[in-house]
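So the chains spell out like this:
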Amino acid sequence: MKAVTITQPGGPEVLKWADVPDPVPGPGEVLIDVAASAVNRADILQRQGFYDPPPGASPYPGLECSGRIASVGPGVAGWAVGDEVCALLTGGGYAEKVTVPAGQVLPIPDGVDLVAAAALPEAVCTVWSNLFGWFDGGDFTSSNVFMIAHLRPGETLLVHGGSSGIGTMAIQLAKAVGARVAVTAGTKEKLERCAELGADILVNYREQDFVEEVRNATDGAGADVILDNMGAKYLERNVKTLAVNGRLAIIGMQGGVKGELNIGALLAKRAAISATSLRARPREEKAAIVAAVREHVWPLLAGGHLRPVVDRELPMRDAATAHRVVEESGHIGKVLLIAPHAT
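To continue, consider the overall build of the chain. Helix and strand content of the chain: 10 helices and 17 strands. Here the chain has a C-alpha radius of gyration of 20 Å; the compact-globule value for 343 residues is 20 Å, and the two agree. Once the C-alpha set of the chain is aligned to its principal axes, its extents read approximately 55 × 45 × 35 Å. Taking all 343 residues of the chain together, 54% fall into the buried category. Relative to all contacts within the chain whose residues are 6 or more apart in sequence, the contacts with residues 24 or more apart total 66%. If you sum the accessible surface of the chain, you get close to 14,200 Å²; carbon and sulfur atoms cover 50% of it.

Before going further, it helps to spend a moment on the sheet that holds strand 15 (residues 272-275). Read across the open sheet, the 6 strands follow the order 12-11-10-13-14-15; overall the sheet is parallel. Edge positions in the sheet fall to strand 12 (201-204) and strand 15, since each of these pairs with one other strand and no more. Adjacent strand axes in the sheet meet at a mean angle of 15°, parallel and antiparallel pairs treated alike. Where strand 13 (residues 223-228) and strand 14 (residues 242-250) come together, 5 bridges link them in parallel fashion. Within strand 14, the residue paired with Ile226 across the bridge is Leu248.

Note that an α-helix has 3.6 residues per turn; residues three or four places apart therefore point the same way. For helix 4 (residues 188-197), the complete set of buried residues consists of Lys190, Leu191, Cys194 and Leu197. For helix 4, the angular spread of the buried residues around the axis is 115°, confining them to a single face. Counted as exposed and oriented over 90 degrees from the buried face of helix 4: Lys188, Glu189 and Glu196. Along its buried surface, helix 4 packs onto helix 3 (165-176), strand 11 (180-185) and strand 12. Following helix 4 by one or two positions, Gly198 adopts a phi angle in the positive range, close to 120°.

Parameters and conventions
Residues numbered from 1 in each chain as written. Predicted model: local features only at pLDDT ≥ 70, side-chain atom pairs only at ≥ 80, totals over all residues. Heavy atoms only, no water. Helix = DSSP H or I, 4+ residues; strand = E, 2+ residues; numbered from the N terminus. Rg over C-alpha atoms; globule rule 2.2 N^0.38 Å. Buried < 20%, exposed > 50% of the residue type's maximum accessible area, 1.4 Å probe, protein only. Contact = heavy atoms within 4.5 Å. Areas by Shrake-Rupley, 256 points an atom, 1.4 Å probe, with all protein chains shown as cover. Pairing = 2+ DSSP bridges. Axes fitted to C-alpha atoms, helices over the stretch in contact; angles between N-to-C directions. Arc of directions from axis to C-beta.

This is the structure we're talking about:
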């Protein structure tokens, strides 16, 4: 088969479309003929040499894909050859074939086409596991809910990078549970797209101070929950923006890895900070997240309440071009890579 390889750490030019050995599914795994994958910031960090795959993972980039099951390994139940699926991966999505634990596989939601479904697994699982977690039972207003950031109906969520793949999904899911949503983005066009998805408070971070804008829009209260992809650069201002009992969920480090934290300000607000990555979670945790997403988010997609936001589709062999687009933040939603046999 062919896959996008990383010849050495560096710029987009180090991505090469090359012949590689075919993967073979092990116990509890399925083999997927990939239709499409999506570009995530983690792929860029991996290409640059800053984010190595976990032990045993594929060396090729790509943390999600869609396609058709080509074969199943020993001990797999519930999936069959020919099933159209999408999957949360630990790596290897930029390839014609990929193996994945069966617990990380999802059916294509009703109303979503096979290629567009590649935009879903990483974004939905990241947003769900950080903002909502999984439900013990009941509906979105149920009190018996386990969540990381505990976003509740009526609360205000601030999403940094609202026009990104993660951001566009966070807006839609938060609105689906009855939250108010503030976003930051760098252009008028991106903010307008966020508003179309349901964002209530729009902040152009190039021209406005998000601390001031969110406080003004909430009568001084601040954001109950912040989903942050910037890390160190925004740490101090994020704490200032939090409401009393606020929760900051850090999922990225585009703005650096080392910041200074005012513990006094955190104590005064009785606030909490969590930092998570999805890729390094154990199989069992990923499977639990995927199962909850299938139960609670897939019906929203089937009902038309959510949709994947796709900026553009490029041939997988042109992964370098796709990386340049994402690095320059020239996209809204996801940039997809299309495998040769999918077209």
